Amino acid sequence: MRQALYRKYRSNDLSDIVGQEPIVSTLLNAIKENKISHAYLFTGPRGVGKTSVARIIAHNINKLSYVNEDNHIDIIEIDGASNRGIEEIRDLREKTSIAPTSSEFKVYIIDEVHMLTNFAFNALLKILEEPPKHIIFILATTDVNKVPATIISRTQKFTFKQIPIETIIKRLSYICQKEKIDIEPDALNIIAENSEGSLRDSINMLDQLASSSTKIKADDVANLIGLPPDSKINFIIDGLIDNNLSVNQLFITLDELYQQGTDAKTLAKSIIIKLKQKLISDDPKIVDQRKIIELLKELLNIPGNSSNINDQIRVILADQIVSKASVILTPKKTEEVKEVKIQKSPEKEIVTYKGKENIKKLEKKSPPTNLEDAWNQVINYLKKSHSTLYSTLMMSQTVFDKNSIEVTFNKKFYADQFNNAKNHDIIRQILIEIDRQDISITAIYNKDLELPKKSAPKNDIIEASDNIKEIFGEAELINDESLNLG
C-alpha cells in the first residue's frame, strides 16, 4: 500500500521541524542541559508540528532513536476527544504510579486536551500538582482558551505559529523533487496560500493531486479546492473599491460562483487573499487602504463554523456597496464623478469628491489660480444663493493644500448637512462655473476640533437665524452646547 506523503515526510528529528525554530531551539537546549519539565503544553493551529514535536521530544528525553510512527511501551499517546471523562483520567492516574518498563521516563502525550470535561481536568490537575518523578506530560491543543488556567500554570507552554507561506512552498518543492512530481510554481503558491499555515494540510493536498497526475497545474489545484476564477473575484473586489458595483451585480456574480461549486468558506478565503495582495501591492494614494482593512475585518470575523456563512458574505459585501452609495455624488448628464473616497472611524468620517476635467463648462471665465481665492468665490456664491449651506460652512475650519481643501466640522449635524447629495451638486456646479474642477474637497467630521470663536457680521447672523428657522421651523431653539451632537 502506498504510504501517504505527510507520513512519509513527517519529521523524525527536531532539526527537521520547519517553521517553529524558536521552540525547537529552546527544547534542544533544555534536553542538552538536562532541564526537563514534568509537563509541557503545545498550543497552536492544526498541522503545524505539535504532535510531531511531542513524539520526538518523548523519544529524545528517553534517549531513544525515533523513526516515523515508531511505538514504544513507555510513550503513551491519548486522544483527548475519545478519552475525555473523569474515569479515563482516574485510570491514567493509577497507571502513572507504575514505573517505566525500560526507559528513564514514562511520557504521556494527550492530544486535543481541551476536549476533556471539567471533572477530568480536575483529576488531571491533581496529577500535575504532585507528579511522580518518572512521569512527563506533553499536552497538545488547538484551542488553548478551553484549557483551565490552573492546568496551564503547571506546564511549560509553547505556542506554535502558522507556518509561513514561503516555508511551506520550500518544503513542498523538496517533496516534489524527491517524488519526481512536476508542478507549476503557481500551483505551489495556491496550495500554500490555501493551507492556512498548516504544513500537513498542504502536503495532503499535494498528495491528492499527485495521486491522479505527476504534472500538476494551477488550474488542477483550483479545481480541487473549488477556488473561484480570478476574473470573478477581481470583478467583485475592483467593483467594491472603485464604487461601480451594484448589489444586483454582486448577487448575480455570487450565485454564479456558488452554482459552479465554490463553497462560501472558500470564497471568503479567496476574497481575503486578494484583498491582502491589493493592500500590499497597490499605491495607497490610489487605493483607499482603510476601506480594504475594514472589509478584511468584517470577513475575518465570520466564524469558521458558521451555518449561514453564505448569507453573511452577501450582507457584508452588499453593506459595502450601500454604505458607499449613500455618499456617492450623483452626476448629471454633463458631468462625471472622478473620485469618491470614504474613510470611517468611531470619531471621524471623511467624504472626498472631485469633478472630472472634461466636464462641460457652464461659462467661459478666467479661473482663479489661487486655491484660497477659489474657495472664497465658492463661499460668496453660496452666501448669495444658498444661504443654508453657507451658514453650515460658517461652522467649519478650512485647510488648503495644493489642489485640496479640507473642511472640518466638530458637530456631526453640520457634517451631515454638508454631505447631503443636494449640497454636493450645488458645490460641484459652482466649481464648474469658476472653472476649477481640479479642486478636491474633503469634508471631515472630528468631534475634537476646537473652532476659533469669531463674531459674524450682523447680516450673517440674521441670515443664519433665518436658515435655522427654515430647518427647524418656529420651535424653541436650544443652545447647542447642551446637545451631544458629536
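Refer to the structure printed above.
Conventions and cut-offs
Residues numbered from 1 in each chain as written. Predicted model: local features only at pLDDT ≥ 70, side-chain atom pairs only at ≥ 80, totals over all residues. Heavy atoms only, no water. Helix = DSSP H or I, 4+ residues; strand = E, 2+ residues; numbered from the N terminus. Buried < 20%, exposed > 50% of the residue type's maximum accessible area, 1.4 Å probe, protein only. Core = buried A, V, L, I, M, F, W, Y, C linked by side-chain atoms within 4.5 Å. Contact = heavy atoms within 4.5 Å. Pairing = 2+ DSSP bridges. Axes fitted to C-alpha atoms, helices over the stretch in contact; angles between N-to-C directions. Expected span 1.5 Å × (residues − 1). Polar contact = N/O pair within 3.5 Å; in protein donor to acceptor, adjacent residues only side chain to side chain. Salt bridge = Lys/Arg side-chain N within 4 Å of Asp/Glu carboxyl O.

A.B. asks: Help me understand the environment of Ile169 in this model?
C.D. replies: One can find Ile169 in helix H7 (residues 165–179). Note on Ile169: relative accessible area 19%, which makes it buried. Ile169 sits 19 residues away from Leu188 along the chain, and the two C-alpha atoms are 6.1 Å apart.

A.B. asks: Teacher, can you tell me more about the nonpolar core here?
C.D. replies: Nonpolar side chains tend toward joint burial in soluble globular proteins. Leu27, Phe42, Ile138, Ile216 and Val221 are the most contacted members of the largest nonpolar core, which totals 49 residues. Residues within four places of Leu27 in sequence aside, it is in contact with Leu14, Tyr40, Phe42, Val53, Ile57 and Phe158. Judged by nonpolar contacts, the second largest core, of 27 residues, contains Ile236, Ile241, Ala264 and Leu299.

A.B. asks: Looking at this structure, I do not really get the sheet that holds strand S1 (residues 39–43). What am I missing?
C.D. replies: Working definition: the strands of a sheet are paired by backbone hydrogen bonds and lie parallel or antiparallel to each other. Judged by pairing direction, the sheet is parallel, and its five strands sit side by side in the order S2-S3-S4-S1-S5 without closing on themselves. In the strand order of this sheet, the two ends are held by strand S2 (75–79) and strand S5 (156–159), each with one partner. Shown here is a sheet whose adjacent strand axes are inclined to one another by a mean of 15°, direction ignored. Helix H2 (residues 21–32) rests against S1 and S5 of the sheet, and its axis sits at about 150° to S5. Against the sheet, helix H4 (residues 86–95) contacts S2, strand S3 (106–111) and strand S4 (135–141), and its axis sits at roughly 165° relative to S3.

A.B. asks: Looking at this structure, how should I read the environment of Phe121?
C.D. replies: In this fold, Phe121 is placed in helix H5 (residues 118–129). Classification of Phe121 as buried rests on a relative accessible area of 3%. Separated by 26 residues in the primary sequence, Phe121 and Val147 place their C-alpha atoms 8.4 Å from one another. What Phe121 contacts, discounting residues up to four positions off in sequence, is Val113, His114, Leu116, Lys146, Val147, Pro148 and Ile151.

A.B. asks: Whenever I open this one, helix H13 (residues 264–281) confuses me. Can you help?
C.D. replies: A turn of α-helix holds 3.6 residues, and therefore any two residues three or four places apart point the same way. A rise of 1.5 Å per residue sets the reference length of H13, with its 18 residues, at 26 Å; its end C-alpha atoms lie 26 Å apart and thus fit the reference within 8%. For H13, the set of buried residues is Ala264, Thr266, Leu267, Ala268, Ser270, Ile271, Ile272, Ile273, Lys274, Leu275 and Lys278. The backbone nitrogen of Lys265 has a side-chain oxygen 3.1 Å away, supplied by the residue at the start of H13, namely Asp263.

A.B. asks: Is there a simple way to explain the pattern of salt bridges in this structure?
C.D. replies: A side chain with one charge can pair with a side chain of the opposite charge if their charged atoms come near. On inspection of all chains with the given rule, the structure shows 15 salt bridges. Put simply, Lys232 and Glu256 hold a salt bridge, and the shortest N to O gap is 2.9 Å. Placement of the pair is Lys232 in helix H11 (residues 230–242) and Glu256 in helix H12 (residues 247–259), with a sequence separation of 24 residues. Residue classification places Glu256 among the partly exposed positions, given a relative accessible area of 30%. Several salt bridges converge on common partners, so that one network encompasses Arg46, Glu196, Asp201 and Lys269.

Fair warning: the whole summary comes from geometry, so function is off the table for now.
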